[in-house]
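Below are the chains, spelled out letter by letter.
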Amino acid sequence: MQRLTATPFAPWFLERLRSADRIIAMTHVDPDADGLGSQLAFCLAARAAGKDVVIVNEDPCPPRYAWMDPGGLVQCFDDAAATLEGADLGLIFDAHELDRARRPAQALRAAGVDVWVLDHHGVADDTHVTGCVATDFSSTGELCFRLLEALGWSLGPDSALGIYGAISFDTGSFRFLRNQGRTLRVAADLLDTGLDANPIQEALWASRPFDETVLLGRICSQIERTEDGRVAWAIVPASTLEGLNTGPGAIGEAMPMVIGIDGVVAAAMFKPGRGANEWKVSLRSKTAATIGHIAQSRGGGGHAHAAGCTVTGDLTTHVAAVIAELVAAVAK
Ligand SMILES: [Mn+2]
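Residues numbered from 1 in each chain as written. Predicted model: local features only at pLDDT ≥ 70, side-chain atom pairs only at ≥ 80, totals over all residues.

1. Quick notes on the overall build of the protein chain
Counting its regular elements, the protein chain contains 12 helices and 13 strands. The C-alpha radius of gyration computed for the protein chain amounts to 20 Å, which stays within 12% of the reference 20 Å derived for 332 residues, consistent with globular compactness. Counting only C-alpha atoms and orienting by the principal axes, one finds that the protein chain spans roughly 60 × 45 × 40 Å. With 332 residues in all, the protein chain has 41% of them scored as buried. (Helix = DSSP H or I, 4+ residues; strand = E, 2+ residues; numbered from the N terminus. Rg over C-alpha atoms; globule rule 2.2 N^0.38 Å. Buried ≥ 20, exposed ≤ 12 C-beta atoms within 10 Å, placed from the backbone.)

2. Topic: the environment of Ala-250
Structurally, Ala-250 is set in the loop between strand E9 (231-235) and helix H10 (255-259). The sequence separation of Ala-250 and Leu-216 amounts to 34 residues, and the corresponding C-alpha distance is 8.2 Å. With near-sequence residues (within four places) excluded, Ala-250 lies in contact with Glu-212 and Leu-215. (Contact = placed C-beta atoms within 7 Å.)

3. Side note on the domain arrangement of the protein chain
Along its sequence, the protein chain is organised into domain 1 (2-205) and domain 2 (210-331). With 6 residues of domain 1 in contact, the opposing surface of domain 2 contributes 6 residues. Considering only residue class, the side of domain 1 that touches domain 2 consists of 1 nonpolar, 2 polar and 3 charged. (Domains from an automatic or database assignment. Nonpolar A, V, L, I, M, F, W, Y, C, P; charged D, E, K, R; others polar.)

4. Digging into the sheet that holds strand E7 (residues 129-133)
Strand order in the open sheet made by the 7 strands is E1-E7-E6-E5-E2-E3-E4, with parallel pairing throughout. Sheet topology places strand E1 (2-5) and strand E4 (74-76) at the edges, where each strand pairs with a single neighbour. Averaged over all neighbouring strand pairs, the angle between strand axes comes to 30 degrees, with direction disregarded. With 3 bridges joining them, strand E6 (residues 115-119) and E7 adopt parallel strand pairing. Across the sheet, the residue bridging to Asp-119 is Val-133, located in E7. Across the face of the sheet, helix H2 (residues 33-48) comes into contact with strand E2 (22-27), strand E3 (52-57), E4 and strand E5 (89-93) while running at roughly 165 degrees to E2. Packed onto the sheet, helix H4 (residues 103-110) meets E2, E3, E5 and E6 and runs at close to 145 degrees relative to E2. (Pairing = 2+ DSSP bridges. Axes fitted to C-alpha atoms, helices over the stretch in contact; angles between N-to-C directions.)

5. Side note on the nonpolar core
Generally speaking, a soluble globular protein has its nonpolar side chains buried in company with each other. Core analysis: the biggest nonpolar cluster contains 61 residues, and Ala-25, Ile-92 and Ile-163 have the highest contact counts within it. The greatest single-element share of this core, amounting to 9 residues, is contributed by H2. Residues in contact with Ile-92, not counting those within four places in the same chain, are Met-26, Thr-27, Leu-98, Ala-101, Ala-105, Val-115 and Val-117. Counting 33 residues, the second largest nonpolar core, distinct from the first, contains Val-264, Ala-268, Trp-279 and Cys-309. (Core = buried A, V, L, I, M, F, W, Y, C linked by C-beta atoms within 7 Å.)

6. A word on the pairing of E3
Two strands pair when backbone bridges link them, and E2 and E3 are joined in this way by 4 bridges, in the parallel orientation. In the sheet register, Ala-25 faces E3, and the bridge partner there is Ile-55. Pairing geometry for E3 and E4, over 3 bridges, is parallel. Each residue of the ladder has a partner; that of Asn-57, found in E4, is Cys-76.

7. A few points about helix H7 (residues 181-192)
Between the first and last C-alpha of H7 there are 16 Å, a value that for 12 residues agrees with the 16 Å anticipated at 1.5 Å per step. Burial in H7 covers these residues: Thr-183, Val-186, Ala-187 and Leu-190. One side of H7 carries all its buried residues, which in axial view fall inside an arc of 95 degrees. Exposed and oriented more than 90 degrees from the buried face of H7 are Gly-181, Arg-185, Ala-188 and Asp-192. Structurally, H7 contributes buried residues whose contacts are with helix H5 (140-151) and helix H6 (157-170). Gly-194 sits one or two positions beyond H7 and adopts a positive phi of about 100 degrees. (Expected span 1.5 Å × (residues − 1). Arc of directions from axis to C-beta.)

8. What to know about the sheet that holds E9
Where strands meet in a sheet, backbone hydrogen bonds hold them as pairs that are either parallel or antiparallel. Read across the open sheet, the 6 strands follow the order E8-E9-E10-E11-E13-E12; overall the sheet is mixed. Only two strands of the sheet have a single neighbouring strand rather than two, namely strand E8 (224-225) and strand E12 (301-302). Judged from the 7 bridges that link them, strand E11 (residues 278-285) and strand E13 (residues 306-312) form a sheet pairing that is antiparallel. What sits directly across from Lys-280, in E13, is Thr-310.

9. Here's the deal with the packing of H6 against helix H8 (residues 197-205)
In contact at an axis separation of 10 Å, H6 and H8 are set at 45 degrees when each is read in the N-to-C sense. Taken as axis vectors, H6 and H8 run oblique relative to one another. Once H6 is placed against H8, the crossing between them reads as right-handed. Across from Leu-161, Tyr-164, Gly-165, Ser-168 and Phe-169 in H6, the residues of H8 making contact are Ala-197, Ile-200, Gln-201 and Leu-204. Taken together, the residues of the contact of H6 with H8 sort by class into 6 nonpolar, 3 polar and no charged. (Parallel < 35°, antiparallel > 145°, perpendicular 65-115°, else oblique. Left-handed = near helix turned anticlockwise from the far one by under 90°.)

10. Thoughts on the pairing of strand E10 (residues 266-272)
Counting buried residues along E10, 6 of its 7 residues qualify, which places the element largely inside the surrounding structure. In this structure, E9 lies alongside E10, joined through 5 bridges in parallel fashion. Residue pairing for E10: Val-231 is matched across the bridge by Ala-266. When E10 meets E11, the two strands line up antiparallel, connected through 7 bridges. From the neighbouring strand, Pro-272 faces E11, where its bridge partner is Trp-279.

Okay, here's the thing in structure tokens:
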């Protein structure tokens with residue numbers, strides 16, 4: 001069953017947030033700046049409004065995003081399982097599959113606590129979910145800004161930083177705006193509060209660790225493409241990381257290089273997943289093609305031009321199948 005609202009937010013959604021006594025804010029595994037910035041902004045604004053909100057994620061805050069959380073509010077399940085006690089609502093930011101929040105969401109549900117979502121990724125018809133999913137938003141950060149506005153919970157400087165960082169991250173530094181001016185209007189409102197965007201810009205977009213830069217070089221040297229140059233892909237076996245100290249998102253940083261090649265319309269990247277024989281597939285396309293369906297048909301999700309899925313089994317077979325579908329997608 002799905003019970004979803006978009007904006008303007010349905011009264012039942014706002015009322016549930018206003019009346020909850022203790023809310024657990026969560027985000028997906030391998031947290032990114034959109035999930036973290038959104039949950040931090042929500043937590044801070046809610047607390048300022050007198051609400052009891054704590055953040056408990058599966059994973060700790062990655063060091064590269066520590067600047068978003070000067071107060072150290074982001075807790076991980078291993079350290080903070082006890083803080084789930086007494087919660088009467090869980091809210092997952094930037095994902096809508098409850099599995100993607102892993103143990104905090106599982107523990108809440110086992111205790112009979114509702115787990116709702118705030119997200120901007122497309123939902124499959126058979127997903128059981130309650131909350132707000134607004135796929136026409138650039139980021140969960142932009143959506144969270146509108147939610148806090150609707151709730152009447154005002155943003156302090158650290159909340160503004162979280163939202164701005166979330167939007168900047170998910171739009172690739174305001175490049176991917178879905179042709180909607182309202183994303184920039186939110187950013188403008190945040191800047192008008194006196195927020196300094198320069199440290200955020202540098203923390204997100206000019207802070208790549210040296211080893212991850214070396215990794216980019218290795219991945220770029222492995223890019224392959226079809227004869228007509230319209231589809232490109234990179235396979236990144238675990239050996240690519242040999243001798244390098246890199247974070248979990250490091251491989252994904254190469255995706256813009258693959259889709260950014262002149263003439264390439266659709267691109268894929270294959271990297272090792274968490275389990276044995278498991279591969280994560282990232283797909284991107286320029287405006288001339290859509291690739292979301294290719295991830296969706298494999299149980300994944302995402303958007304029309306940026307999507308991903310996880311596959312298991314023989315990599316060569318999966319690569320051939322995905323590339324064939326990308327070739328078909330760019331031919332349309
Ligand atoms: Mn997002």
